[in-house]
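Structural features, examined
Spelled out, the chains give:
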Number of protein chains: 2
Amino acid sequence: MATRTRRPERREEPLSRERIVEAAIELLDTAGEGGLTFRALAERLATGPGAIYWHVTGKDELLNAATDAVVADTMSADTTATTPQEAIRTLALGVFDAIDVHPWIGSQISRTPSQSPMLRVFEHLGRQVQALGVPHTAQFTAASALLNYILGVGGQNAANARGVRPGTNRTEFLDAAATAWENLDPDEYAFTRDVADQLRDHDDRTEFLAGIDLVLTGITALHEPTGPAPS
Amino acid sequence: MATRTRRPERREEPLSRERIVEAAIELLDTAGEGGLTFRALAERLATGPGAIYWHVTGKDELLNAATDAVVADTMSADTTATTPQEAIRTLALGVFDAIDVHPWIGSQISRTPSQSPMLRVFEHLGRQVQALGVPHTAQFTAASALLNYILGVGGQNAANARGVRPGTNRTEFLDAAATAWENLDPDEYAFTRDVADQLRDHDDRTEFLAGIDLVLTGITALHEPTGPAPS
DNA sequence: ACCTGAACACCGTTCAAGT
DNA sequence: ACCTGAACACCGTTCAAGT
């Protein structure tokens with residue numbers, strides 16, 4: 001169809017783990033989670049499906065490697081934050097934005113076998129938690145809470161991206177969802193109906209950061225008897 | 001193998017959506033997320049795979065119905081909580097325990113098409129957020145933060161349950177993970193190594209509740225200028 | 001109206017055979 | 001050492017045919 005201007009010598013390079021992971025990421029980004037297939041991947045790499053297994057043990061490892069590559073890239077972007085709070089916001093927003101670009105990460109990052117990608121985020125969050133002055137015994141809880149909140153939002157965003165056709169934009173998606181909320185049963189969903197307008201008007205990133213600040217306020221409030229600093 | 005003492009007349013009842021969902025839940029609980037197959041389900045229901053499609057549009061709807069059935073059951077357990085905080089803890093713990101019994105829910109509850117199961121939890125959380133006296137404009141954010149934290153932990157627990165063979169118990173699993181943390185690269189994972197002992201000793205439920213309390217403290221601190229109430 | 005089960009179009013993974 | 005691609009053992013889903 002269209003002529004390729006990038007990576008002209010693609011079919012000459014030998015197969016490698018890196019090229020495979022790179023192609024997998026491209027496939028996941030363009031075709032979605034269901035688009036990553038050993039056959040499709042093999043075609044993109046101009047080889048047979050069996051060849052991939054010489055470099056990668058299976059689909060699970062491939063998915064994990066792809067997720068790890070993106071997350072590691074996000075974490076390595078060093079920031080010029082002035083406070084630990086600011087550093088945590090930047091860090092969290094980095095993960096949030098990475099999921100926005102690669103929605104499949106949102107569902108994959110939790111799914112990892114207790115290893116790499118999630119641990120990277122945990123480590124970086126934890127360092128800022130330490131910088132915050134949280135006592136040692138409370139650091140694990142604080143970093144976990146932040147991580148779990150981020151993973152929860154990520155999973156949600158991945159699910160939303162999966163449910164929506166590429167055509168629809170953010171505004172009409174939110175509008176449709178809000179309207180659906182307003183039409184719920186008044187007895188069973190009184191609260192949800194009541195905040196439907198807040199769903200319609202909200203900004204994803206702002207809302208995400210507001211949640212981070214809630215957790216951050218909780219962390220500092222519990223360990224500074226002088227009371228929390230306002231946002 | 002073993003003789004069945006329950007549901008003796010199983011093969012006489014006609015097929016119904018309810019029986020299909022019930023059988024799907026049993027299959028998911030016993031054989032895991034990969035165990036739910038239209039063929040396995042059909043065998044359990046003493047029919048052909050095609051018959052199921054007359055009652056259910058496909059696997060996605062079936063998974064959603066199974067998740068919704070379990071979540072709805074959890075939410076309907078009414079509590080005798082004395083404070084909104086206590087009600088939220090009970091509510092959250094209910095979801096947590098449901099995921100413990102049915103690990104597949106943890107990954108499925110986020111995956112739903114913006115509908116039922118997640119919305120039930122959101123609604124019940126939101127009512128308690130209102131009871132907490134959170135101003136109207138902040139209710140959506142507060143309920144979302146709690147929900148996302150719960151979903152994050154749920155996804156984590158589902159992933160852990162998937163990665164572990166049924167034989168290993170909680171203690172040795174945590175011990176192995178903590179040891180792995182202690183052997184990480186000291187430069188790259190300084191924080192994680194530092195809190196490995198807290199991973200080893202922690203109790204899942206206690207830790208989960210501590211995270212809830214962090215968010216709860218943040219919510220109340222931001223809206224009560226007199227400062228947060230200690231836990 | 002409801003069920004049956006063979007058949008279709010896929011998967012991930014393996015493995016003999018090649019270079 | 002690395003690649004090939006046919007073959008195996010599965011999937012979800014459809015659909016003509018039955019009752």
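Relevant structure appears above.
Described in the following lines is the structure provided in the data block. (Residues numbered from 1 in each chain as written. Chains lettered and ligands numbered in written order. Predicted model: local features only at pLDDT ≥ 70, side-chain atom pairs only at ≥ 80, totals over all residues. Heavy atoms only, no water.)

Observations regarding unusual backbone geometry
One non-glycine residue, Ala46(A), lies in positive phi territory at about 55°. On the secondary structure map, Ala46(A) appears in the loop between α2 (38-44) and α3 (49-52). (Helix = DSSP H or I, 4+ residues; strand = E, 2+ residues; numbered from the N terminus.)

Remarks on the layout of surface pockets
Left-over empty space is what a probe sized like a water molecule reveals as it rolls over the atoms. Put simply, the largest pocket is a space of about 1,100 Å³. Along its surface, the largest pocket is lined by 31 residues, and Glu33(A), Gln108(A), Arg111(A), Glu33(B) and Arg111(B) are the ones closest to its centre. When residues of the lining of the largest pocket are traced back to their parent elements, those giving at least two are α4 (59-76), α6 (104-111) and α8 (136-163) of chain A together with α4 (59-76), α6 (104-111) and α8 (136-163) of chain B. The residue makeup of the lining of the largest pocket, split by class, is nine nonpolar, 11 polar and 11 charged. (1 Å grid on protein atoms, 1.4 Å probe; cavity = no way out; pocket = protein on both sides within 12 Å on 5 of 7 lines; lining within 4 Å. Points joined across faces, edges and corners; volume = space filled by probe spheres on them. Nonpolar A, V, L, I, M, F, W, Y, C, P; charged D, E, K, R; others polar.)

Quick look at the side chain of Gln139(A)
As for its position among the elements, Gln139(A) is in helix α8. A distance of 3.0 Å separates the side chain of Gln139(A) from the backbone oxygen of Val134(A), its partner in a polar contact. Beyond its immediate chain neighbours, meaning those up to four positions away, Gln139(A) contacts Val129(A), Gln130(A), Val134(A), Phe191(B), Asp194(B), Val195(B) and Gln198(B). (Polar contact = N/O pair within 3.5 Å; in protein donor to acceptor, adjacent residues only side chain to side chain. Contact = heavy atoms within 4.5 Å.)

Overview of the interface of chain A and chain B
Buried accessible area, meaning the area lost when the parts come together, often serves as the stated size of an interface. Across the boundary between the two partners, chain A contributes 56 residues, which contact 56 residues of chain B. Taking both sides of the interface into account, the surface hidden between chain A and chain B amounts to around 4,900 Å²; carbon and sulfur atoms contribute 62%. Of all residues in chain A, Phe140(A), Phe191(A) and Leu214(A) give up the largest surface area on contact with chain B, accounting jointly for 16% of the area buried on that side. Counting across the interface, chain A meets chain B through two salt bridges. Between Arg120(B) and Glu188(A) there is a salt bridge, and its shortest N-O distance comes to 3.8 Å. Contributing elements (two or more residues each) for the side of chain A that touches chain B: α6, α7 (116-131), α8, α10 (190-194), α11 (196-201) and α12 (204-223) of chain A. (Buried area = accessible area lost by both parts, 1.4 Å probe. Salt bridge = Lys/Arg side-chain N within 4 Å of Asp/Glu carboxyl O.)

What about the protein's contact with DNA strand D?
The environment of DNA strand D is formed by 17 residues, the closest being Thr47(A), Trp54(A), His55(A), Arg39(B) and Lys59(B). When atoms of DNA strand D within 4 Å of the protein are sorted by moiety, sugar and phosphate together comprise 48%. The contact in question runs from a phosphate oxygen of DNA strand D to an N or O atom on the backbone of Leu15(A), over 3.3 Å. In the environment of DNA strand D, a phosphate oxygen lies 3.1 Å from a nitrogen or oxygen atom belonging to the backbone of Phe38(B). Every element with two or more residues in the surface near DNA strand D is listed here: α3 of chain A together with α2 (38-44) of chain B. Residues of the surface near DNA strand D, tallied by class, amount to seven nonpolar, seven polar and three charged. (Near = heavy atom within 4 Å.)

Examining the relation of the copies chain A and chain B
Placing chain A over chain B gives an RMSD of 0.0 Å and needs a rotation angle of 180°, together with 0.0 Å of translation along the axis. Such a combination of rotation and displacement between the chain copies is what one expects of a two-fold axis. Interface overlap between copies is the fraction of interface residues in one copy that are interface residues in the other; for chain A against chain B it reaches 100%, indicating a shared surface. (Least-squares fit on C-alpha atoms with pLDDT ≥ 70 in both.)

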